[in-house]
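Next come the chains, spelled out residue by residue.
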Amino acid sequence: MALQVKDVMGVVAIAVRPEATFAELVATMRRFKVGAVAVIDLEGRPIGVVSEDDLLLKEIVPPPGTGALDDGGRYRERNRAGGTTAGQIMTRPALTVTRQTSVREAARLMHANRIKQLPVIDAASGKIAGTVHQTDLLKVFSRSAADILADVAAAVAGLGLDPRALTITVDAGVVHIGGRLARRSQITELVQAGRRVEGVVDLEVDVTCDHDDVERISPLHL
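Just so you know, these numbers come straight off a predicted model, no measurement behind them.

**Thoughts on helix 8 (residues 186-195)**
All of the buried residues along helix 8 are Gln186, Ile187, Leu190, Ala193 and Gly194. Taken end-on, helix 8 shows its buried residues confined to a sector of 135°, consistent with a single buried face. Against the buried residues of helix 8 lie helix 7 (145-158), strand 8 (174-183) and strand 9 (202-211).

Structural data, given as structure tokens:
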């Protein structure tokens, strides 16, 4: 079963209101040792996020009225660099996940957006419920060998294969599968299914096949 954000998240939500001052933002990040804080409305719903990068715009981007302005994103950066409150500085909208979001999807969002944490919201109310950090997501790699083995065996069975006909071992997150398969094409299916199991660091398949049904492409003759 795929792990969800609720399985690894922290239940403490670090958040501020839009009127929080620049100094308060810095103090909050230093106090809780976080790289970003959510900005919430009166109902507790995230409306934006202030990160360390957002605060550092004051150091690297001249504020409005101090030279020529560029269009688009550069103009918005200048306005935010001149901001003094969370509401003026924050990046919006807030990128969030729910408790039910898969750990894999949360990791994908962090990687794609180059961020290290995400506010977690309640799916029904939209209110902030916690925070998930990159370090939280790494907990999937601390799963026990027995848990990983059980999930890999279930994935094998899901392919219509008999796990008892194969030898499956797990060592430090590396899964090794040996034995015999009916068709060589099943190796690809086996690898794909095994790698989708949470906590698998690598997967090695060393099997013999009764039938080679993988199409071989002959080299072109020029």
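The discussion continues.
**Digging into the sheet that holds strand 4 (residues 97-98)**
Spatial ordering of the open sheet is given by 4-5-6, a layout of three strands whose pairing is mixed. Two strands close off the open sheet at either side, each with one partner strand: strand 4 and strand 6 (128-133). Bridge count between strand 5 (residues 117-121) and strand 6: five bridges; the pairing is antiparallel. Across the sheet, the residue bridging to isoleucine 121 is isoleucine 128, located in strand 6. Contacts between helix 5 (residues 103-113) and the sheet are confined to strand 4, strand 5 and strand 6, with strand 5 contributing the most and set at about 135° to the helix.

**Examining the nonpolar core**
By size, the foremost hydrophobic cluster in this structure holds 18 residues, and its most contacted members are Val152, Val156, Val175, Ile177, Leu181 and Val200. Only helix 7, strand 7 (166-171), strand 8, helix 8 and strand 9 provide two or more residues apiece to this core. Among the elements that line this core, the one with the most residues is helix 7, at four residues.

**What about the packing of helix 1 (residues 22-32) against helix 2 (residues 52-60)?**
Relative orientation of the contacting elements helix 1 and helix 2 amounts to 135°, with a least axis distance of 11 Å. Looking at the two axes, helix 1 sits oblique to helix 2. Every pair of crossing elements has a handedness; the one defined by helix 1 and helix 2 is left-handed. Of helix 2, the residues touching helix 1 (which contributes Phe22, Leu25, Val26 and Met29) are Glu52, Leu55 and Lys58.

**Description of the pairing of strand 9**
In terms of strand pairing, strand 8 meets strand 9 through nine bridges, oriented parallel. Bridge pairing links leucine 181 to cysteine 209 in strand 9.

**What about the pattern of salt bridges?**
Pairing of side chains with opposite charge becomes possible as their charged atoms draw close. By the definition in use, this model includes 10 salt bridges. For arginine 17, the salt bridge is made with glutamate 19, and the minimal N-O distance between the two is 3.8 Å. In this structure arginine 17 comes out as partly exposed when scored by relative accessible area, which is 27%. Among the salt bridges present, the one from aspartate 162 reaches arginine 164, with a minimum N-O distance of 3.1 Å. On the accessibility criterion, aspartate 162 (34% relative accessible area) is partly exposed.

**Regarding the sheet that holds strand 1 (residues 15-16)**
Taken in spatial order, the three strands line up as 1-2-3 in an open sheet, and their pairing is mixed. Two strands in the sheet have a free side with no partner beyond their single neighbour: strand 1 and strand 3 (46-51). As judged from the five bridges shared by strand 2 (residues 36-40) and strand 3, these two strands associate in the antiparallel manner. Bridged to alanine 38 within strand 3 is valine 49. Docked against the sheet, helix 1 engages strand 1, strand 2 and strand 3, running at close to 125° with respect to strand 2.

**Some points on the pairing of strand 7**
Every second residue of strand 7 is oriented toward a common face, the buried set being Leu166, Ile168 and Val170 and the non-buried set Thr167, Thr169 and Asp171. Of the strand pairs in this sheet, strand 7 and strand 8 are connected by six bridges, and their pairing is antiparallel. Pairing of aspartate 171 across the sheet is with valine 174, part of strand 8. Hairpin remark: strand 7 followed by strand 8, antiparallel, with two residues in the connecting loop; positive phi at alanine 172, about 55°.

Scoring rules and cut-offs
- Residues numbered from 1 in each chain as written.
- Predicted model: local features only at pLDDT ≥ 70, side-chain atom pairs only at ≥ 80, totals over all residues.
- Heavy atoms only, no water.
- Buried < 20%, exposed > 50% of the residue type's maximum accessible area, 1.4 Å probe, protein only.
- Helix = DSSP H or I, 4+ residues; strand = E, 2+ residues; numbered from the N terminus.
- Arc of directions from axis to C-beta.
- Contact = heavy atoms within 4.5 Å.
- Pairing = 2+ DSSP bridges.
- Axes fitted to C-alpha atoms, helices over the stretch in contact; angles between N-to-C directions.
- Core = buried A, V, L, I, M, F, W, Y, C linked by side-chain atoms within 4.5 Å.
- Parallel < 35°, antiparallel > 145°, perpendicular 65-115°, else oblique.
- Left-handed = near helix turned anticlockwise from the far one by under 90°.
- Salt bridge = Lys/Arg side-chain N within 4 Å of Asp/Glu carboxyl O.

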